[in-house]
Structure formats: C-alpha cells, structure tokens
Amino acid sequence: ALTVWAELRKKLEADPDDPDKALELMCVTFALHGTLPAQTQAQRLARRALAEASAEAQTDPLMRQKTLYNVVIGAVRAGEHAHARAWLGRMDPRSRGLDADSSYRVASAALATALRDPAEVTKILGREAGAVPIHGSSRALAAVLRANALEKLGSLDAAVEGLYAEALRRHS
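Calculation notes
Residue indices follow the written sequence of each chain, beginning from 1 at its first position. Local features are withheld for residues below a pLDDT of 70 in this predicted model, meaning they are given only at 70 or higher, and side-chain atom pairs are given and counted only at 80 or more; totals for whole chains, interfaces and linings count all residues. Only hydrogens and water are set aside when side-chain values are computed; all heavy atoms of the structure are taken into account. For the purposes of this entry, the term helix denotes a DSSP run of H or I that reaches at least four residues, the term strand denotes a run of E that reaches at least two, and both are numbered from the N terminus. To get the radius of gyration, use the C-alpha atoms; to get the globule rule, take the number of residues to the power 0.38 and multiply by 2.2 Å. We call a residue buried when its accessible area falls under 20% of the maximum for its residue type, exposed when it is over 50%, and partly exposed in between, using a 1.4 Å probe and counting protein chains only. Surface accessibility follows the Shrake-Rupley procedure with a 1.4 Å probe radius. Residue values consider only the protein chains on display as shielding. His is not counted here, nor are the chain ends, while Lys and Arg score as positive and Asp and Glu score as negative. Where a charge sits is defined by one atom per residue type, namely NZ (Lys), CZ (Arg), CG (Asp) or CD (Glu). Here the term cavity refers to a set of points on a 1 Å grid, laid over the protein atoms alone, in which a 1.4 Å probe fits but cannot get out; the term pocket refers to an open set having protein on both sides within 12 Å along at least five of seven lines, with lining residues being those that place an atom within 4 Å of a point. Grid points are joined across faces, edges and corners, and a volume is the space filled by probe spheres set on the points. Lys, Arg, Asp and Glu make up the charged group, whereas Ala, Val, Leu, Ile, Met, Phe, Trp, Tyr, Cys and Pro make up the nonpolar group; the residues left over, Gly among them, are polar. Any two residues having at least one pair of non-hydrogen atoms within 4.5 Å are treated as being in contact. Every angle, taken between N-to-C directions, lies between 0 and 180 degrees, and every axis is a line fitted to C-alpha atoms, over only the stretch in contact when it is a helix. An angle counts as roughly parallel when it lies under 35 degrees, as roughly antiparallel when it exceeds 145, as roughly perpendicular when it falls between 65 and 115, and as oblique in every other case. Should the near helix be turned anticlockwise from the far one by less than a right angle, the crossing is termed left-handed; should it be turned clockwise, right-handed.

Caption draft 1: Structural context of the overall build of the chain. Helix and strand content of the chain: 9 helices and 0 strands. Taken from the N to the C terminus, the helices and strands of the chain come in the order α-α-α-α-α-α-α-α-α. Against the compact-globule benchmark of 16 Å for 172 residues, the chain has a radius of gyration of 17 Å, which places it among compact chains. Along the longest, intermediate and shortest principal axes, the C-alpha atoms of the chain span 50 × 35 × 30 Å. Taken over 172 residues, the chain has a buried fraction of 41%. As displayed, the chain offers around 9,500 Å² of accessible surface, 55% of which is attributable to carbon and sulfur atoms. Of the side chains in the chain, 23 bear a positive and 21 a negative charge, and the two mean positions are spaced by 4 Å.

Here it is as structure tokens:
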C-alpha cells in the first residue's frame, strides 16, 4: 500500500492539476493513516510524515484542506497540540467553499477541545446547530464537539438537545 501511495504522489507531482489523482492520493493517505500502527513515537512520526507529504503534494485547495484536516486531527488525537496548531496554521481559515471551511472549523474546534477551551469551541461552531454553516460531512463531529463544550460551560440541556437534533437529522 505504501508503494501505491508513493506512486500516486509522484503522479500528482507530475500532473498537479489532475483532480482524480488528487482525490486518489487523499483517499489512499486517509486509509493508510488510519491503519498504520501508532504505538511508538517512531510509528507516529512515520504516520505524520505520510500525511504531511500528501498535504504538501496537494495543489487543489479542497484536497489540501481535507488532507491538512487529517493531519491536524491526527495530531490532536496523539496529544501533539503544538504540532496540531502548526498544521492548523497552514489551513485556509477563510475558504470560500463550505466543505473546506467546515474542515477548518472542525479542526480548530477539535484543537480547542483538546486545549480545554469550551468557549472557543462555541465561538468557532456556534452555540447551536445552524448558527454557523457546517458541511454535511462535518456536522456529526461538529455536533459532538459543540455538545461537549456546552456541557463544560454548564448548558447540559442545550448539549443534549443539540445531539438529539443531530441524531434525528441523520436518521430522517
């Protein structure tokens, strides 16, 4: 699989404007990133290098944003907050497309959650669903991050209501 990833990266570097190659590289990167072991520091560094190299190869703004999102979320999950903040700084905070903007917002909110800053999470995502437009692919995670922040801020009823509304939306 790593050989396929390396070949896709070379193909994208040779033809950086090919959206199919960009999507293929992003998908293979996500799949590999999710399956490579991460128990040791060396393994985490190898996973990070894979995602970072993929992000650097992406020239399409949405593919780059989605790949960087994956890098940021991976760093947050690993507890590497400084690394997450650095990669978040490479994302576009003012994307015109909803999908790309939502990727930035959710990555920012995930980092704020990890840093135990619930007020920042509600500033990024809003205090209720719909306050800030979020792409469908990011709504569930945004709802969970928002609910967690609301609970930490003492608004348990609003947190439960938001999660319930998201569950109804997803299953209707």
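Next comes the rest of the description.
Caption draft 2: Representation of unusual backbone geometry within the structure. The phi angle at arginine 116 is positive, at roughly 60°, despite the residue not being glycine. Considering the arrangement of structural elements, one finds arginine 116 in the loop between α6 (98–114) and α7 (118–125). Classification of arginine 116 as exposed rests on a relative accessible area of 74%.

Caption draft 3: Structural view of the layout of surface pockets. The space that makes up the largest pocket amounts to roughly 280 Å³. Of all the secondary-structure elements, those providing two or more residues to the lining of the largest pocket are α2 (19–35), α3 (41–57) and α4 (61–77). When residues of the lining of the largest pocket are assigned to their parent elements, the largest contribution, 7 residues, is made by α4. Its boundaries defined by the atoms lining it, the second largest pocket holds a volume of some 180 Å³. Those elements giving two or more residues to the lining of the second largest pocket turn out to be α8 (139–152) and α9 (156–170). The greatest single-element share of the lining of the second largest pocket, amounting to 6 residues, is contributed by α9. Residues belonging to the lining of the second largest pocket are distributed by class as follows: 8 nonpolar, 1 polar and 4 charged.

Caption draft 4: Seen up close, the environment of isoleucine 134. Tracing the backbone through its elements, the reader meets isoleucine 134 in the loop between α7 and α8. In this structure isoleucine 134 comes out as buried when scored by relative accessible area, which is 7%. Separated by 29 residues in sequence, isoleucine 134 and arginine 105 place their C-alpha atoms 8.4 Å apart. Here isoleucine 134 is in contact with Leu98, Ser102, Arg105, Leu125, Arg139 and Ala142, once residues within four sequence places are set aside.

Caption draft 5: Molecular detail of the packing of helix α1 (residues 2–14) against α2. Contact geometry of α1 with α2 gives a least axis separation of 9 Å together with a crossing angle of 150°. Taken together, the axis directions place α1 and α2 in an arrangement best described as roughly antiparallel. Along this stretch, α1 crosses α2, giving a crossing that reads as left-handed. Two secondary-structure elements touch here, α1 through Leu2, Trp5, Leu8, Arg9, Lys11 and Leu12 and α2 through Lys21, Ala22, Glu24, Leu25, Val28, Thr29 and Leu32. Split by residue class, the contact of α1 with α2 holds 8 nonpolar, 1 polar and 4 charged.

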